[in-house]
Amino acid sequence: MEFFIDTAITEEIREINAWGVLAGVTTNPSLIVASGRDFREVVQEIAGLVGGAISAEVTALDAEAMIREGREVAAWSDHVVVKLPLTPAGLQACRALTDDGIRTNVTLCFSVPQALLAARAGATYISPFAGRVDDIGWDGIDLIRQIKEAYVLGGIETKVLAASIRHPTHVVQAALAGADVATIPYKVFRQMVTHPLTTAGLDGFMKDWAKRAGGEVQK
């Protein structure tokens, strides 16, 4: 399973990308607003930092405007994947952009029928929102599992991108459910890399090394 980071804050992207684990970035209008920066400027900077798939979402609501905006956004960088909402207009735009050779990420997916429609419209990625499904009392990870199973049985190549990841356990569950990608917030990446036994073990190693060297442990 590949890891994307779900943010438009370039400092967060730069830090996690330095770990050598990122294959891409997802953004949305809310994340762009939170960054406080120009949409095109931040997308192009992110593309230069990561060099993988960078999801940039359209803000138009009708199909023709989505298609125009999608083509414009895709021209910003070869790394851009145009993100579209799972609506009738979004599906229409997905088919048109796919036919143009533009990669797409159909977002706000909350059911298997929606995911099947997006796949047949040519989506490169489908983004089921695990956390938001959990919020309404359903099982977000089971949704990811069902979508992946349906795609495998149908010979569908659309990649399942687990979104709305809330904690490290979601990441593990998404991987076991067969997700191709998990897009993970910065905070969750920091939680994933931290374990008290790792910290305690490293402290012990360094204390032993300092004794051998006759010096003090560096802080």
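Residues numbered from 1 in each chain as written. Predicted model: local features only at pLDDT ≥ 70, side-chain atom pairs only at ≥ 80, totals over all residues. Heavy atoms only, no water.

## Things to note about the packing of aromatic side chains
- Scanning all chains against the criterion turns up five aromatic pairs.
- Seen in terms of ring centroids, F4 and Y125 are 6.0 Å apart; in terms of plane orientation they differ by 70°. Their pairing is edge-to-face. In this pair, F4 sits in strand 1 (residues 2–6) while Y125 sits in strand 6 (residues 125–128), placing the two residues 121 residues apart along the sequence.
- On the numbers, 6.4 Å between centres and 85° between planes, the contact of W19 with F189 is edge-to-face. Remark: F189 occurs in helix 10 (residues 186–193) and W19 occurs in the loop between helix 1 (10–17) and strand 2 (22–26); sequence separation between them is 170 residues.
- An aromatic cluster is present here, built from F3, W19 and F189 joined pairwise through their rings. (Phe/Tyr/Trp six-rings, centres within 6.5 Å; stacked < 30°, edge-to-face > 60°. Helix = DSSP H or I, 4+ residues; strand = E, 2+ residues; numbered from the N terminus.)

## Notes on the nonpolar core
- One finds V43, V82, L84, I126, I144, I147 and Y151 to be the most contacted residues of the largest nonpolar core, which totals 64 residues.
- Not counting residues within four places of it along the chain, the set of residues in contact with V43 comprises I54, A56, W76 and V80.
- Among the nonpolar cores identified, the runner-up in size contains eight residues, and F4, V81, Y125 and L161 belong to it. (Core = buried A, V, L, I, M, F, W, Y, C linked by side-chain atoms within 4.5 Å. Buried < 20%, exposed > 50% of the residue type's maximum accessible area, 1.4 Å probe, protein only. Contact = heavy atoms within 4.5 Å.)

## Some points on the layout of surface pockets
- Of the voids in this model, the largest pocket is the one considered here, and its volume is about 370 Å³.
- The wall of the largest pocket is formed by 22 residues, among which D6, N28, K83, F129 and R132 lie closest to the centre.
- Secondary structure elements with two or more residues in the lining of the largest pocket: helix 2 (29–35) and strand 5 (104–109).
- Among the residues making up the lining of the largest pocket, the classes are represented as nine nonpolar, nine polar and four charged. (1 Å grid on protein atoms, 1.4 Å probe; cavity = no way out; pocket = protein on both sides within 12 Å on 5 of 7 lines; lining within 4 Å. Points joined across faces, edges and corners; volume = space filled by probe spheres on them. Nonpolar A, V, L, I, M, F, W, Y, C, P; charged D, E, K, R; others polar.)

## Topic: the pattern of salt bridges
- Within this structure, the stated rule accounts for nine salt bridges.
- R14 is the salt-bridge partner of E45, the closest N and O atoms lying 3.5 Å from each other. Of the two residues, E45 sits in helix 3 (residues 39–50) while R14 sits in helix 1, which places them 31 residues apart along the sequence.
- With relative accessibility at 27%, the residue E45 sits in the partly exposed group. (Salt bridge = Lys/Arg side-chain N within 4 Å of Asp/Glu carboxyl O.)

## Focus: a nonpolar patch on the surface
- Together, L202, F205, M206 and W209 make up a nonpolar patch on the protein surface, roughly 470 Å² of accessible area in all.
- Structurally, the position occupied by F205 is in helix 11 (residues 196–213). (Patch = residues over 30% accessible without salt bridge, like charges linked within 9 Å, V, L, I, M, F, W, Y side chains within 5 Å. Areas by Shrake-Rupley, 256 points an atom, 1.4 Å probe, with all protein chains shown as cover.)

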